[in-house]
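Chain and residue survey
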Amino acid sequence: MTATITTAGPRQPQPLPPQPAVGRRVPWLALVAVAYAVAQLLLFAVGYPGLGWDETVYVSQVDPRAPAAFFSAPRSRGISYLVAPILAVTGSVTVLRTALALASALVLYAAFRVWQPLLGRAATALAALLFSTLWVTVLYGSQAMPNLWVALAAVAATGWCLRATGPGAPRRAYVLLASCLAAAVLFRFSDGVWLALPLLAGSLVVRAWRRPPVVLALLAGPMLGGLQWIAEAYARFGGIGARLRISSSTEGGMHPHWNGGTASRGLSGPLLCRPCTVQLTHPAHPAHHLWWLALPVLAASACAMAVRVRRPAPTLLPVVCAAALSVPYLLMLSYFAPRFLLPSYALLSLPIAALVVRAVRALRPGTPRTFAITALIVFFAAHLSTQYADLRTNVADARGVNARYQVAADELHRLGLRPPCLTTGKHAPPIAYYTGCASADVSGNNSNTTPTALRHRAAHEPTAALTRKHHPPSYASGWTAHHLPGTGLTAYLPPRPQPARPEPSR
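Okay, so let's go over this structure. Only a predicted model underlies this, so the values are computations on that prediction, with no experimental measurement involved. (Residues numbered from 1 in each chain as written. Predicted model: local features only at pLDDT ≥ 70, side-chain atom pairs only at ≥ 80, totals over all residues. Heavy atoms only, no water.)

Considerations on the overall build of the protein chain
When helices and strands are counted, the protein chain shows 19 helices and 5 strands. Here the C-alpha coordinates of the protein chain stretch approximately 135 × 60 × 55 Å along the principal axes. Within the protein chain, the fraction of its 506 residues that count as buried is 48%. When the accessible surface of the protein chain is summed, it comes to about 25000 Å², and 65% of that surface belongs to carbon and sulfur atoms. Computed over 42 positive and 13 negative side-chain charges, the inter-centroid distance for the protein chain is 18 Å. (Helix = DSSP H or I, 4+ residues; strand = E, 2+ residues; numbered from the N terminus. Buried < 20%, exposed > 50% of the residue type's maximum accessible area, 1.4 Å probe, protein only. Areas by Shrake-Rupley, 256 points an atom, 1.4 Å probe, with all protein chains shown as cover. Lys, Arg positive; Asp, Glu negative; His and termini not counted. Charge placed at Lys NZ, Arg CZ, Asp CG, Glu CD.)

Some thoughts on the sheet that holds strand β3 (residues 463-467)
One open sheet accounts for 5 strands, arranged β2-β1-β3-β5-β4; its pairing is mixed. Since the sheet does not close on itself, it has two edges, and those belong to β2 (438-440) and β4 (480-484), each with one partner. Within the sheet, the average angular offset between the axes of one strand and its neighbour, ignoring direction, is 30 degrees. Sheet topology note: the strand β1 (residues 422-425)/β2 ladder contains 3 bridges and is parallel. Of the residues in β2, the one forming a bridge with Thr423 is Ser439. Against the sheet, helix α17 (residues 367-414) touches β1, β3, β4 and β5 (489-493), its axis set at about 140 degrees to β4. (Pairing = 2+ DSSP bridges. Axes fitted to C-alpha atoms, helices over the stretch in contact; angles between N-to-C directions. Contact = heavy atoms within 4.5 Å.)

Let's talk about the packing of helix α11 (residues 212-237) against helix α12 (residues 240-250)
A pair of packed helices is characterised by two quantities: the angle between their axes and the separation of those axes. Running from N to C, α11 and α12 point in directions that differ by 85 degrees, and their axes come no closer than 8 Å. The orientation of α11 relative to α12 falls into the category roughly perpendicular. Residue-level inspection shows Trp229, Ile230, Glu232, Ala233, Tyr234 and Phe237 of α11 in contact with α12, the latter providing Ile240, Ala242, Arg243, Leu244 and Ile246. In terms of residue class, the contact of α11 with α12 is built from 9 nonpolar, no polar and 2 charged. (Parallel < 35°, antiparallel > 145°, perpendicular 65-115°, else oblique. Nonpolar A, V, L, I, M, F, W, Y, C, P; charged D, E, K, R; others polar.)

Right, here's the structure in full:
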């Protein structure tokens, strides 16, 4: 028998069978945060001129280049503290808005990330997407205004409250819960209190939540965040009760009544509808309000679904907190600004997103689910188009207002108004900030001086009294009128001030 021997060449390496990807999940929430930052930078933050009225008040408190404007009783100083490090380095509005846009996107990610263990990755990312694509969310992310930061603090606080009351809660949950509540109160005292109330009530009503660390965090957070507001109440306003009474008067007298009609009227702008009895410049199409009208229906459906599947807490708590945060704006005020409801929108996005994800997953894979997802994408695209239209209109209006502030400041400079100087009257705080002057008023919400004191100051300091009328205010009788072209304002300037006489030496 002949044996045949074959020699094989070197064995070629065989390709490994494809392995399933482990841990390679799409970071949807991070992508939403990045898209939010990009949207702000492209649509508003970069190239937007100047600061708005309220922004100048908050920024002037910590801007070393301008005198501080009058800080009224309802305001809180959290946003001033937030922008202080930026203003210590530069006075560039572009740098300020860019930094706030990036910071708000980062905090958006961190706040909604708290909810991933509670709702899942898909629902959490969808909630962040729903909230971040509202025109008012895009507009205020890069503004020196407190409402968006309260909204993000509310999202994080409710999430940490649920996680702190769950089994095996880490110690950091209590610290972070208190920190988020403190931040909400620091940015806007009244909103922070309205947020803390339902959380504290839940810790007393729900037996599983009656844990000393939870109750301590719910009490300590608002107290720490409110220390500055309370100290200022005693230092400037005569106590907490006095500051609350002055705040109510400044807001036009807060008392129980239905303000939902005003809110609906001003939903798509203007940025401040006060009073809301005038004809709107750009009335929105009714289709722009459909999402707002759908919010309570979707929230109620989400609650019903959560109760049925016996997981009510992650749905009911944000809905209750959203309702509580809307109380002063829908049931107590007599005017409206779209930014007021940002905290409620942020909280309602969580149960609504969970409802949508649960409904889609309940459908049979294949044609029914594909059809539902396609329909949702179409509806969302239509919703985005209305939001973009509202954003473009309000950005244009705000741009025009800020440009007029700058024109007025340039005209006052031409008339010889240079720091140290004083402006009073119509739009005095923002125009004063643009001019580099101090501001004062003898009446209205920003009243902080008397006619006698103002005339005495005008005798020694360059002063301008601004008005839309064709005659000067009573304290400016005898002053010279100067029309400010392109602003609709007239500036009344006193005779050239005399330098203050030095005190005689003894």
